[in-house]
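# Fold and contact review
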Amino acid sequence: MENRIKIGDFVKLTGSTLKTINYYHKIGLLPVPERSAGGYRLYGPTELNRMRLIKRLKSLGLGLKHIKEIMGDLQNPKTWREVLQSLRLELLNQKKTLEERMAKIDTLLSENALLLNEDSLDSPSFQMITEILGADQIEKYARTCPEIYDHHRKLYGILDDFQWGEDYRESFRALAEYFKTHPEHYQLALDSGARWAKLSQLSVDDPQIEALASESVALINSMPPVKELICKHPGMKKPLESLYQEIVADVLSPAQLKYQQLFEKFLSAED
């Protein structure tokens, strides 16, 4: 027992506290050592090496919960290399998260956004669509229909920020994948979008609104997969629909809201 020390000396040697050592025992981070004939806990090289590893991991910024997960259970401890590999992976994930946050902050600063509700940050749905269609198509989208491009960014953000009871993102994904493989239909949709954007300049009684809604339904009918995706959604239930309409009223003009209502009405009539 010459190479064993009592807990008081162990505390001093490790630069810890009695409370900390007892807590490590309690949560299973440090094994409870053997006892002397007098009932004193005796600590040796095993416990010291364990404490050394714990202190190293703590110095790298890990909490006790993660340290315990990384070190594994006491009966099957991981090797130091495995610990480092696990730690590196975790730090890489943290680095990625921090870089994404920094990018969002840089975007807000570059656009001089003073209010958080200005929708300067793209929603997950819009980011997904951008990745599927590719940078060239999105640039074409923004160049051909800058107004509808901006509107869609905001509308996708509103849909993503709340739980409306529908999985819109899967439909957005399917539409983006369809348009990626059918560029001619994508161009038709962009042309229709450019006309839709001009509705903001019209009064709510202008007959052009109904005409465009009817033409849009005809365009959708010429693309059966797109029509199927649109018709698959039963729409929001009330009062969610009314709430949604009130929120998007800040994004869409009265004429564009009327177009949306007529489009849904004509599409339902077709079915």
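Residues numbered from 1 in each chain as written. Predicted model: local features only at pLDDT ≥ 70, side-chain atom pairs only at ≥ 80, totals over all residues. Heavy atoms only, no water.

### As for the overall build of the protein chain
- In terms of helices and strands, the protein chain carries 14 helices and 2 strands.
- For the protein chain, the residues scored as buried account for 35% of the 271 residues in total.
- A sequence separation of at least 24 residues applies to 65% of the contacts in the protein chain between residues at least 6 apart.
- For the protein chain, the accessible surface area stands at approximately 17,300 Å², while carbon and sulfur atoms represent 54% of it. (Helix = DSSP H or I, 4+ residues; strand = E, 2+ residues; numbered from the N terminus. Buried < 20%, exposed > 50% of the residue type's maximum accessible area, 1.4 Å probe, protein only. Contact = heavy atoms within 4.5 Å. Areas by Shrake-Rupley, 256 points an atom, 1.4 Å probe, with all protein chains shown as cover.)

### Remarks on helix H12 (residues 224-231)
- Of all the residues in H12, the buried ones are Val226, Lys227 and Leu229. Within H12, the buried residues cover an arc of 160° as seen down the axis, which keeps them to one side. Among the exposed residues of H12, those oriented more than 90 degrees off its buried face are Pro224 and Glu228. (Arc of directions from axis to C-beta.)

### Thoughts on the environment of Lys154
- Structurally, the position occupied by Lys154 is in helix H8 (residues 146-161).
- For Lys154, a relative accessible area of 23% corresponds to the partly exposed category.
- Along the backbone, Lys154 and Ser123 are 31 residues apart, and their C-alpha atoms lie at a distance of 8.1 Å.

### Regarding helix H2 (residues 18-26)
- Within H2, burial applies to Ile21, Tyr24 and His25. Buried residues of H2, viewed axially, fall in a sector of 100°; they line one side. In H2, the exposed positions that point more than 90 degrees away from the buried face belong to Lys19 and Lys26.
- Of the surrounding elements, those touching the buried residues of H2 are helix H1 (7-14), strand S2 (42-43), helix H3 (45-59) and helix H4 (64-71).
- Where H2 terminates, the next one or two residues include Gly28, which has phi positive at roughly 80°.

### Considerations on the confidence of the model for the protein chain
- Model confidence for the protein chain is summarised by a mean pLDDT of 82, while 88% of its residues fall at 70 or above.
- The weakest mean pLDDT in the protein chain belongs to helix H13 (residues 240-248) at 77; the strongest belongs to H2 at 94. (pLDDT = per-residue confidence, 0-100.)

### A closer look at the packing of aromatic side chains
- Counted under the stated rule, the structure contains 6 aromatic pairs.
- Aromatic pair Phe10 and Tyr43: ring centres 4.2 Å apart, planes at 15°, arrangement stacked. Placement of Phe10 in helix H1 and of Tyr43 in strand S2 is noted, with a sequence separation of 33 residues between them.
- For the ring pair Phe179 and Tyr186, a centre distance of 5.8 Å and an interplane angle of 50° mean the geometry is tilted.
- Accessibility expressed as a relative area gives 6% for Tyr186, which makes it buried.
- An aromatic cluster of at least three residues, connected via ring pairs, comprises Phe126, Tyr156 and Phe172.
- Taking NZ or CZ as reference, Lys6 lies 4.2 Å from the ring centre of Tyr40, over its face. (Phe/Tyr/Trp six-rings, centres within 6.5 Å; stacked < 30°, edge-to-face > 60°. Lys NZ or Arg CZ within 6 Å of the ring centre and 35° of its normal.)

### Thoughts on the nonpolar core
- If you look at the biggest cluster of nonpolar residues, it comprises 46 residues, and the most contacted ones within it are Tyr141, Trp196 and Tyr259.
- In terms of residue count, the dominant contributor to this core is helix H14 (residues 254-270) (7 residues).
- Those residues within four positions of Trp196 in sequence are excluded, and the remaining contacts are Ile148, His151, Leu212, Leu252, Gln256 and Tyr259.
- Formed by 18 residues, the second largest nonpolar core is a distinct cluster that contains Ile7, Leu29, Leu30 and Val83. (Core = buried A, V, L, I, M, F, W, Y, C linked by side-chain atoms within 4.5 Å.)

### A few points about the side chain of Ser125
- Considering the arrangement of structural elements, one finds Ser125 in helix H6 (residues 124-133).
- Those residues within four positions of Ser125 in sequence are excluded, and the remaining contacts are Tyr156, Asp160, Arg169 and Phe172.

### Details of the packing of helix H7 (residues 135-144) against helix H10 (residues 183-197)
- Interhelical geometry of H7 versus H10 gives an angle of 25° and a closest axis separation of 10 Å. Judged by the angle between their axes, H7 and H10 are roughly parallel. Between H7 and H10 the crossing geometry is right-handed. Taking contact as the criterion, the partners of Gln137, Lys140, Tyr141 and Thr144 in H7 are, on H10, Pro183, Tyr186, Gln187, Leu190 and Ala194.
- Among the residues forming the contact of H7 with H10, the class breakdown is 5 nonpolar, 3 polar and 1 charged. (Axes fitted to C-alpha atoms, helices over the stretch in contact; angles between N-to-C directions. Parallel < 35°, antiparallel > 145°, perpendicular 65-115°, else oblique. Left-handed = near helix turned anticlockwise from the far one by under 90°. Nonpolar A, V, L, I, M, F, W, Y, C, P; charged D, E, K, R; others polar.)

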